[in-house]
Amino acid sequence: VFHRFVPISTNFASAIAGANCPSTYYGSKIGSWENACIKPYPGNEAVAFGRAESDGVHYALHHLGRLPIVVAARLARVWGLRRNLLPGSKLPQLPDRAAIALELGFVMYYGLVLLAIYGWVARRRRPVPAGILISTFILVTVSAFVIYGDVRFREPAELSLVVLAAVGAEHLWGRRGGRIGRPTVA
C-alpha cells in the first residue's frame, strides 16, 4: 500500500520528528514532543512521515551540543523531576483534578521512589534475582533518552517501583519487630 517497508506503524517517525525541533530543544517544552514540529509533506503516510523523521534526525545531528541538556530534560520529564528541575515547569492542568490532588500525587510518588530505593538496597542483602524489576527502569530510561520524555512512558516501571517499595516497607516493618504473615517453621 505504501510502496515502502513500514514494520508496524509510522509512529516512531512522528515521534522523532516531533521531539527534535527548536521548541523541544529550547524553552519550557524542552525534552518533550510538539505536534507543530512535524511538517506536512505530500504523498502517502509512509513517505510523509519518512521525510519528517529525516527532518528530526537532521535537526538532532546539527544540534548535538544541545543534546545532553535535552536528554537530561527528557529523563527529568519521564521520572517526574521536571517540576523541580526545569525552568517554567508547572503542575499539569487536568480538568477533573484539583491542584492539591496533583501536588499530593507528586508527594506520594517521591515517597514511593525513596521507599523503592530502600527496598532495592534491602533486597540486595538477600540472594534473590531482580533483573526483571530493573529491566523496566532501563526500558523507560532508554525510551526517554531516544525519543522524548513524558510521564506516561513511565508506566512499565511503575509496577517494579511498587514491588520494590513493598520490599522496602516490609524490611522497615521487620526491623521494627513487626511481622507480616511470615510462616513459622516448627
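Since we're looking at a predicted model, the values are computed, not measured. The residue count restarts for each chain, going from 1 along the sequence in the order it is written. Predicted model: local features are reported for residues with pLDDT of at least 70 only, side-chain atom pairs are reported and counted for 80 or more only, and whole-chain, interface and lining totals are derived from all residues. No hydrogens and no water enter the side-chain calculation; it runs on all heavy atoms of the structure.

Which residues make up the pattern of salt bridges, and what values go with them?
We define a salt bridge as a side-chain nitrogen of Lys or Arg found within 4 Å of a carboxyl oxygen belonging to Asp or Glu. Counted by the stated rule, this structure contains three salt bridges. For Glu-34, the salt bridge identified is with Lys-29, shortest N-O distance 2.7 Å. With a relative accessible area of 17%, Glu-34 lands in the buried category. Notably, a salt bridge pairs Glu-158 with Arg-154, separated by 3.1 Å at the nearest N-O pair. Here the term buried applies to any residue with accessible area under 20% of the maximum for its type, exposed to any over 50%, and partly exposed to those in between, with areas from a 1.4 Å probe on protein chains only.

Just give me the short version of the confidence of the model for the protein chain, but keep the residues and values in it.
Confidence of the prediction at every residue is given by pLDDT, a number between 0 and 100. When pLDDT is averaged along the protein chain, the result is 82, and 81% of the positions lie at 70 or above. Every helix listed is a DSSP run of H or I at least four residues long, and every strand listed is a run of E at least two residues long, numbered separately from the N terminus. Looking at the elements of the protein chain, mean pLDDT is at its lowest for helix α5 (residues 82-85), recorded as 55, and at its highest for helix α2 (residues 22-25), recorded as 93.

Please set out helix α3 (residues 45-61) residue by residue, giving values where relevant.
Since the α-helix packs 3.6 residues into each turn, any two residues three or four apart lie on the same face. Working rule for helices: expected span equals 1.5 Å times residues minus one. If you check α3, its first and last C-alpha atoms are 24 Å apart, about what 17 residues at 1.5 Å a residue would give, namely 24 Å. Within the span of α3, buried status applies to Ala-46, Ala-48, Gly-50, Ala-52, Gly-56, Tyr-59 and Ala-60. Residue contacts follow a heavy-atom distance rule, with two residues in contact if any of their heavy atoms lie within 4.5 Å. In the core, the buried residues of α3 are packed alongside α1 (11-19) and α2.

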